[in-house]
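Chain and residue survey
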Amino acid sequence: MNTLIFRTIAPYLTSLMVLFSVFVLLRGHNEPGGGFIGGLIAASAFAIYGIAWGVSPVRRAIYFHPLGIAGFGLVLATFSGMLSIFFHAPFMTGLWGYVPIFEDEIPVSTVLFFDIGVYFVVVGAITSVALALEERSRD
Amino acid sequence: METYMILLVGVFFSVAVYLFLSRHIIRILLGAAILGNAVNLLIFTSGRLTREVPPIIATGPTGTPETMANPLPQALILTAIVISFSFFAFLLVLTYRTYQELDTDDTDEMRFAEPRGQQMPPLEY
Amino acid sequence: MASPDTSNTADLSVAMMTAPVELADWLVVAPVALCITFGAILMMLRKNTWLQAGASVVGLSLLVVACGALLAHVLLNGTVTMTMGRWLPPFGISFTVDILGASLTFVASVIALASGIFGANDVDMSGRRYGFYPFLFLMMAGVIGSFLTGDIFNLYVWFEVLLISSFGLLILGSEPRQIDGATKYAFLNLVATTLFLIATGYLYGIFGTLNMADIMRKAPEMGETAPLLTLTAMYFMAFGMKAAAFPVNFWLPASYHTPRIVVSAIFAGLLTKVGVYALLRVLIMLFPAEREVLGLVVAIVAVLTMVFGALGALAQTDYRRLLGYLVISGIGVMLAGIALASLTGLSGTIFYAVHSMIVMTALYLVCGLTARIAGGFSLAEPADIYRSHLPLAALTLMLLFAVSGLPPFSGFWPKAVLVKASLDVGEWWMAGAILLTGFLTTIAAGRVWILVYWRARQEAGDSDASPVRLKPMTDYLPVGILTALAVLLGVYPEPFLDMAQTAASQLIHPAAYIDSVFPAGGVE
């Protein structure tokens, strides 16, 4: 699959998809989207890059090992659930705070961080599966 | 509507079982994928299929009214889809590795864990 | 999502819990949160192999402390519940811990600690880099989550967590044998969990709730109109497959002997028991009336499982495969108590589950040590361990006594209780099957002892090749801890029998469980 057209387009396509995945992740609280679907979009972006340029450029590009990324997401999700211990609320309670940025107040919640954690878990796990499959088919 | 969905679920289940009965691991894998979808559709159907209705419930009786689909099964299959997806991804890699390492996708020839013609246990001390 | 905004005028107390949660209640989720956190951090630090073993032993020790504290909390204060996210049950997912859940959790954590210590020497650098310890922690999260959750769909999710991490552990070495075993394990367990999911979908269709306490409140009035018997049978099939009960046990002998020995040990100790635990919850606690109807089926499955398991063990040449069949045979004994469903029978089952978790794990561990000395798992090769490694041989002998159900070790009491329970209700054939199984297991265990440990090597020249030295800390200590527990359960069973009896009565009379979830008698 390494035609010139595909190889030229793949980096742009990948960066666009990663950007879009972040957009989908952040709009996910009240509209369709969220960590899981955003993570899948990002993982397929890396898969496309891997198909075009091979697996090792992808590994170099994401720097961390995919499973390490998944582990980071899991830690983030667990800690955002644990934060409620300080507010005498049960595990996984959604806590909200309002951060003033410029003129606006931006709502920030543990739910958001949980979703970001899910995003990383999905990106890590699915990318590692996809890369494992692509790696094998090359040799 | 529900009746047709149930028939579809039945077809999915029979296809999945048929594929599972195959000796070839790739067909079993496809069977697993279809089985997951069959279960998801089953749960989806069990929560009622209706047109869009605003999610407003009168105070008093608990539970969703007849005109409204129960949203919880949809949340359940969301979880189940995630799980069956990750399962499928894992099984895909495993099947691929099996084919590469064992050089066969025929379960009858996969005898590495339990080789044929094993030695009898010692019969005397 | 309602944000607890001050300007919001809606009365939140009808939908959400407003009472603050006591710190002690956090013990309910602490074991799971601890496992996931440690698993995830070790996953991030997979390259630092030097750190993995030490950090894991620390983490697993913390886990034992947390689970011990939870058990003490439950014993002192009765059943505890924590419902996630402040939503009132049955809408929030509850973690409800009674004595059964807490004691199995504690034993599971001890087993994980022993395996973690053993793994420090047994799992080489490539195994660590591949992620033995992270997978161990994530699997423990699944096992403990299953023991603690009070929501049946959540139970399904924990089953999947433990299943997916167990795949990771199973193919740790990527040898052809392991991949072959893992393939069969994966597909057959997939079928079992799918059956579980189907049954749970139907269950929601019938009850409109997934909270176990809520189901228990609704089940008696639904019994006449709803197809609960079908549902119960489906659950029995699904969990029976998980527990490796007779007609659907074939995945266990096909896969349990292929992974690294420490992985086999954890699997043998924990995974099948999670199936038995789920059977106890569903058959005894949720649907007792339907279990009455299925009682004979459960009894026949139990008898066939225990007898065929023991016969299978007699026919094996490979030490590890023999142990796999002993695991199956033990599952049959546990099912016997579920079939009887009397207070005595269930306390026997619970005690036997604890015994089996400890002893089967320890036996796989000594099997690994033995193979390291003998150079293989075949029973045909005499290893002469009695002369070269006396402490190992002594520990093994105690464990073999325990697994056969001979006094004064842990296997004796639960079997005695189960025999008494069967005779109490006049099921003499059940008592006979349990005794026959004990007899066959004794023969199988005795053969292992004679063939591997007692018999002298034929050729004398081998003995002066440098003997394998076992390390006291990483090799003897974990086996020693587990054997000591087995001896303790055998010599001083009184408090544990009492505890098993209380746990069983909580299962039969689940009022405390329901009260814990719905303190004021419910939301209606």
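Residues numbered from 1 in each chain as written. Chains lettered and ligands numbered in written order. Predicted model: local features only at pLDDT ≥ 70, side-chain atom pairs only at ≥ 80, totals over all residues.

1. Notes on the overall build of chain B
Counting its secondary structure elements, chain B contains 3 helices and 0 strands. For chain B, the N- to C-terminal ordering of α and β elements is α-α-α. By the compact-globule yardstick of 14 Å for 125 residues, chain B is too spread out, its C-alpha radius of gyration being 22 Å. Relative to all contacts within chain B whose residues are 6 or more apart in sequence, the contacts with residues 24 or more apart total 61%. (Helix = DSSP H or I, 4+ residues; strand = E, 2+ residues; numbered from the N terminus. Rg over C-alpha atoms; globule rule 2.2 N^0.38 Å. Contact = placed C-beta atoms within 7 Å.)

2. Concerning the interface of chain C and chain A
Between chain C and chain A, the contact holds 20 residues from the first and 18 residues from the second. Counting only elements with at least two residues in the side of chain C that touches chain A, the list comes to α1 (30–44) and β1 (80–83) of chain C. Ranked by residues supplied to the side of chain C that touches chain A, first place goes to α1(C) with 7 residues. Taken together, the residues of the side of chain C that touches chain A sort by class into 14 nonpolar, 4 polar and 2 charged. (Nonpolar A, V, L, I, M, F, W, Y, C, P; charged D, E, K, R; others polar.)

3. Brief notes about the confidence of the model for chain B
Should pLDDT be low for a region, the predicted coordinates there are not to be read in detail. Averaged over every residue, the pLDDT of chain B is 85; residues scoring 70 or more account for 95%. Model confidence for chain B, summarised as mean pLDDT per element, is weakest for helix α3 (residues 71–102) of chain B at 88 and strongest for helix α1 (residues 2–20) of chain B at 94. (pLDDT = per-residue confidence, 0-100.)

4. With respect to the interface of chain C and chain B
On the chain B side, the residues contacting the 33 residues of chain C number 34 residues. Contributing elements (two or more residues each) for the side of chain C that touches chain B: α6 (152–170), α7 (176–207), α10 (251–255) and α18 (428–454) of chain C.

5. As for unusual backbone geometry
Following C:Pro89, the chain continues into C:Pro90 via a peptide bond in cis, with omega recorded as 5°. Residue C:Pro407 is joined to C:Pro408 through a cis peptide bond whose omega torsion reads 5°. Positionally, C:Pro408 belongs in the loop between α16 (390–404) and α17 (412–424). A positive phi angle is found at A:Tyr63, which is not glycine, with a value near 60°. Take A:Tyr63: there are 8 C-beta atoms within 10 Å of it, and that puts it in the exposed class. (Buried ≥ 20, exposed ≤ 12 C-beta atoms within 10 Å, placed from the backbone.)

6. Topic: the environment of A:Ala77
Residue and element names in this part refer to chain A. In this structure, Ala 77 sits in helix α4 (residues 66–82). Once the C-alpha coordinates of Ala 77 and Leu 112 are considered, the two residues, 35 residues apart in sequence, prove to be 9.4 Å apart. Setting aside residues no more than four positions away along its own chain, Ala 77 makes contact with Phe 114, Gly 117, Val 118 and Val 121.

7. Focus: the nonpolar core
When a protein is soluble and globular, its nonpolar side chains tend to lie buried together. Core analysis: the largest hydrophobic core is formed by 267 residues, its most contacted members being C:Leu399 and C:Ala486. No other element matches helix α11 (residues 261–286) of chain C, which puts 20 residues into this core. (Core = buried A, V, L, I, M, F, W, Y, C linked by C-beta atoms within 7 Å.)

8. Focus on α11(C)
Residues and elements named next belong to chain C. When the terminal C-alpha atoms of α11 are compared, their 37 Å separation across 26 residues agrees well with the 38 Å that a helix rising 1.5 Å per residue should span. Approximately 35° is the largest bend angle found in α11, and it occurs at Phe 267. Burial runs high along α11: 26 of the 26 residues are buried. (Expected span 1.5 Å × (residues − 1). Bend = angle between axes of the 7 residues up to and from the residue.)

9. Some thoughts on the packing of helix α3 (residues 99–122) of chain C against helix α19 (residues 472–491) of chain C
Residues and elements named next belong to chain C. It is the contact of α3 with α19, at a shortest axis distance of 8 Å, that shows an interaxial angle of 165°. Relative to α19, the element α3 is oriented roughly antiparallel. Once α3 is placed against α19, the crossing between them reads as left-handed. Here Ala 114, Ser 115, Ile 117, Phe 118, Ala 120 and Asn 121 of α3 come into contact with α19, specifically with Thr 474, Asp 475, Leu 477, Pro 478, Ile 481 and Leu 482. Its residues assigned to classes, the contact of α3 with α19 comprises 8 nonpolar, 3 polar and 1 charged. (Axes fitted to C-alpha atoms, helices over the stretch in contact; angles between N-to-C directions. Parallel < 35°, antiparallel > 145°, perpendicular 65-115°, else oblique. Left-handed = near helix turned anticlockwise from the far one by under 90°.)

10. Thoughts on the environment of A:Val18
Residue and element names in this part refer to chain A. Counting through the fold element by element, Val 18 comes out in helix α1 (residues 4–27). When the 18 C-beta atoms within 10 Å are taken as the criterion, Val 18 is described as partly exposed. Sequence separation of Val 18 and Ala 45 is 27 residues, and the distance between their C-alpha atoms is 6.5 Å. Not counting the four nearest positions on each side in its chain, Val 18 is found in contact with Ala 42 and Ala 45.

11. Here we look at the pairing of strand β2 (residues 94–97) of chain C
All names here are of chain C. Here β2 shows two buried faces, one formed by Ser 94 and Thr 96 and the other by Phe 95 and Val 97. In this sheet, β2 lies alongside β1 in antiparallel orientation, the contact comprising 4 bridges. Counted as the bridge partner of Thr 81 is Thr 96 from β2. (Pairing = 2+ DSSP bridges.)

12. Some words on the environment of C:Thr83
Within the secondary structure, C:Thr83 sits in strand β1. For the pair C:Thr83 and C:Asn249, spaced 166 residues apart in sequence, the C-alpha to C-alpha distance is 35 Å. Apart from the residues lying within four places of it in its own chain, the contact partners of C:Thr83 are A:Pro90, C:Met17, C:Pro89, C:Gly92, C:Ile93 and C:Ser94.

13. Quick look at α3(B)
In a regular helix each residue adds 1.5 Å, so 32 residues correspond to 46 Å; α3(B) covers 45 Å between its end C-alpha atoms and thus fits that length. When α3(B) is considered as a whole, its buried residues turn out to be B:Pro73, B:Leu76, B:Ile77, B:Ala80, B:Ile83, B:Ser84, B:Phe87, B:Phe90, B:Leu91, B:Leu94, B:Thr95 and B:Thr98. Packed against the buried residues of α3(B) are α2 (25–46) of chain B together with α6 and α7 of chain C. Of the residues one or two after α3(B), B:Asp103 is the one with positive phi, at around 65°.

14. A word on the packing of α1(C) against helix α2 (residues 49–77) of chain C
Residue and element names in this part refer to chain C. Packing of α1 against α2 brings their axes to within 9 Å, and their N-to-C directions diverge by 170°. With respect to each other, α1 and α2 are oriented roughly antiparallel. Contacts from Ala 30, Pro 31, Leu 34, Cys 35, Phe 38 and Leu 42 of α1 reach α2 at Gln 52, Ala 55, Ser 56, Gly 59, Leu 62, Leu 63, Ala 66, Cys 67 and Leu 70. Its residues assigned to classes, the contact of α1 with α2 shows 12 nonpolar, 3 polar and no charged.

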